[in-house]
Amino acid sequence: LRGSFNPVLLNVLYGLGPENPYPNQYTECEKAAIHFLKHVDDYHVDSSRIIVSGDSCGANFATRICQLLLSRSDLPRIHSQVLIYPGLQGMDFYLPSYQQNSKVPILWRETVIYFCCLYLNKTTSVINDVLESRHVPESIRQKYRKWVHADLVPEEFKARGYRPQEPGLYQFKPNVYEEMKDILEENFSPLFAPDETISKLPQTYILTCEFDVLRDDGLLYKRRLEDNGVPVTWVHVENGFHGVAILFGYGILSFPSAGRIVRETTDYIKGL
Ligand SMILES: *[C@@H]1O[C@H](CO)[C@@H](O)[C@H](O)[C@H]1NC(C)=O
């Protein structure tokens, strides 16, 4: 990538849910990545400079694919993962960013669960129960508390209108768990991957936006990577909201924060 910047971009058009059922999206992205890695020469690509990237749920796929590819010692190693406002867990929708930005467009707190239900072809009648974590058995809650909890979010992010609040009416509902247990798997929630996986991941770029319910998913993954010795380049966009980069280049809708995201991200990639 150095010198003349002449990247080859492979965009995986995975099939969308619910017609294409979960977790096919992961299988399709993984298959495409493996095919590409096996045939880098055909694409005239330097096998030591391959980056996996995505934004929003695409960043969730990118995160998981990087984890899955670690077991493939027969393939070139991924050089870096570039994750733009990733969603990384389906356990706690009470994290500070979820509370602070619950009514911030374009991704409301309820909307996240609503999209999850549509994606997984589940009834939307469970939304309120999932918001209150009633889909999470106590054993799972305890197991992942060390990685997903408001206590792990730095204090500076709790200043803006955050009131410490746990899922107050916590009351496990087995039927809601049955319906939604997919979102507690390591595919949907790559934040739950064990340390031995996380510690092997390549250098990482994480971009978070202040006005984004998913901000803390990014912050918690950053923390896990750093705790496991993985170098992280972190860009926090103070005036950004979820999805803003998609408006880049759309005239008056092209917010300055969209320009910053494009600039910072391309600078990172060019500098690799
Ligand atoms: C989605 O769920 C409905 C009702 O449970 C079922 O009839 C349908 O076959 C499901 N669709 C897919 C693609 O699995």
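Quick caveat, the model's predicted, so the values are computed rather than measured. (Residues numbered from 1 in each chain as written. Predicted model: local features only at pLDDT ≥ 70, side-chain atom pairs only at ≥ 80, totals over all residues. Heavy atoms only, no water.)

Participant: Describe the sheet that holds strand 3 (residues 204-211), with residues and values.
Facilitator: Ordered in space as 1-2-3-4, the 4 strands form an open sheet in which the pairing is parallel. Either end of the sheet is taken by a strand with one partner, and the two such strands are strand 1 (51-55) and strand 4 (232-241). Mean inter-strand twist for the sheet, computed between neighbouring axes without regard to direction, equals 10°. Seen against the sheet, helix 2 (residues 57-69) touches strand 1 and strand 2 (80-84) and runs at an angle of roughly 150° to strand 1. Set on the sheet, helix 10 (residues 256-271) makes contact with strand 1, strand 2, strand 3 and strand 4; between it and strand 4 the angle comes to about 170°. (Pairing = 2+ DSSP bridges. Helix = DSSP H or I, 4+ residues; strand = E, 2+ residues; numbered from the N terminus. Axes fitted to C-alpha atoms, helices over the stretch in contact; angles between N-to-C directions. Contact = heavy atoms within 4.5 Å.)

Participant: Account for the packing of aromatic side chains, naming residues and giving values.
Facilitator: Applying the stated criterion to the full structure yields 15 aromatic pairs. An angle of 85° between the planes, with centres 5.9 Å apart, marks the rings of Tyr 22 and Tyr 26 as edge-to-face. Summarising the burial analysis for this pair, Tyr 22 and Tyr 26 share the class buried. A network of ring pairs unites the aromatic residues Tyr 14, Tyr 22, Tyr 26, Phe 61, Tyr 119 and Phe 188 as a single cluster. Here the guanidinium or amino end of Arg 109 rests over the ring plane of Tyr 94, the centre of that ring lying 4.7 Å away. When the ring centre of Trp 147 is taken as origin, the NZ or CZ atom of Arg 224, which lies over that ring, is 3.5 Å away. (Phe/Tyr/Trp six-rings, centres within 6.5 Å; stacked < 30°, edge-to-face > 60°. Buried < 20%, exposed > 50% of the residue type's maximum accessible area, 1.4 Å probe, protein only. Lys NZ or Arg CZ within 6 Å of the ring centre and 35° of its normal.)

Participant: Would you mind going over helix 9 (residues 215-227) in detail, with residue names and values included?
Facilitator: An ideal rise of 1.5 Å per residue puts 18 Å on 13 residues; helix 9 measures up with 19 Å between its terminal C-alpha atoms. Judged by how many residues are buried, helix 9 sits mostly within the fold: 10 of 13 residues are covered. Every buried residue of helix 9 is accounted for by Arg 215, Asp 216, Asp 217, Gly 218, Leu 219, Leu 220, Tyr 221, Lys 222, Arg 224 and Leu 225. Looking at the buried residues of helix 9, the elements they touch are helix 2, strand 2, helix 3 (96-100), helix 8 (195-198), strand 3 and strand 4. Backbone geometry just after helix 9 places Gly 229 at a positive phi near 80°. (Expected span 1.5 Å × (residues − 1).)

Participant: Help me get a handle on helix 2, residues and values and all.
Facilitator: The end-to-end C-alpha separation of helix 2 is 18 Å, in line with the 18 Å expected for 13 residues at 1.5 Å each. Taking burial as the measure, the 13 residues of helix 2 include 11 buried ones, the bulk of the element. Those residues of helix 2 not exposed but buried are Gly 58, Ala 59, Asn 60, Phe 61, Ala 62, Thr 63, Arg 64, Ile 65, Cys 66, Gln 67 and Leu 69.

Participant: Please give an account of unusual backbone geometry that cites residues and values.
Facilitator: In terms of backbone geometry, most residues other than glycine have negative phi values and most peptide bonds are trans. A cis amide bond links Gly 17 with the next residue in sequence, Pro 18, at an omega value of 0°. Here Pro 18 shows up in the segment before helix 1 (24-38). Cis geometry marks the peptide bond from Tyr 22 to Pro 23; its omega dihedral reads 0°. By the secondary structure assignment, Pro 23 is in the segment before helix 1. A positive phi angle, close to 55°, is found at Ser 56, a residue other than glycine. Counting through the fold element by element, Ser 56 comes out in the loop between strand 1 and helix 2. The phi torsion at Ser 133 lies on the positive side, around 60°, for a residue other than glycine. Of note, Ser 133 is situated in the loop between helix 5 (127-131) and helix 6 (138-144). Accessibility expressed as a relative area gives 2% for Ser 133, which makes it buried.

Participant: I'd like a description of the pattern of salt bridges, backed by residues and values.
Facilitator: Applying the stated criterion across every chain yields a total of 15 salt bridges. In this structure, the salt-bridge partner of Glu 155 is Lys 158, at a minimum N-O distance of 3.2 Å. A residue is classified by how much of its surface remains accessible, and Glu 155, at 60% relative accessible area, is exposed. Between Arg 160 and Glu 210 there is a salt bridge; the shortest N-O distance is 2.9 Å. (Salt bridge = Lys/Arg side-chain N within 4 Å of Asp/Glu carboxyl O.)

Participant: So what about the side chain of Arg 109? Which residues, and what values?
Facilitator: Take Arg 109: it is sitting in helix 4 (residues 109-120). As a buried residue without a salt bridge, Arg 109 has its nearest oppositely charged side chain in Glu 110, at a separation of 5.1 Å. Here Phe 93 takes part through its backbone oxygen, which lies 2.7 Å from a polar atom of the side chain of Arg 109. Once residues lying within four places of it in the same chain are set aside, the contact partners of Arg 109 are Phe 93, Tyr 94, Tyr 98, Ser 102, Leu 131 and Val 213. (Lys, Arg positive; Asp, Glu negative; His and termini not counted. Polar contact = N/O pair within 3.5 Å; in protein donor to acceptor, adjacent residues only side chain to side chain.)

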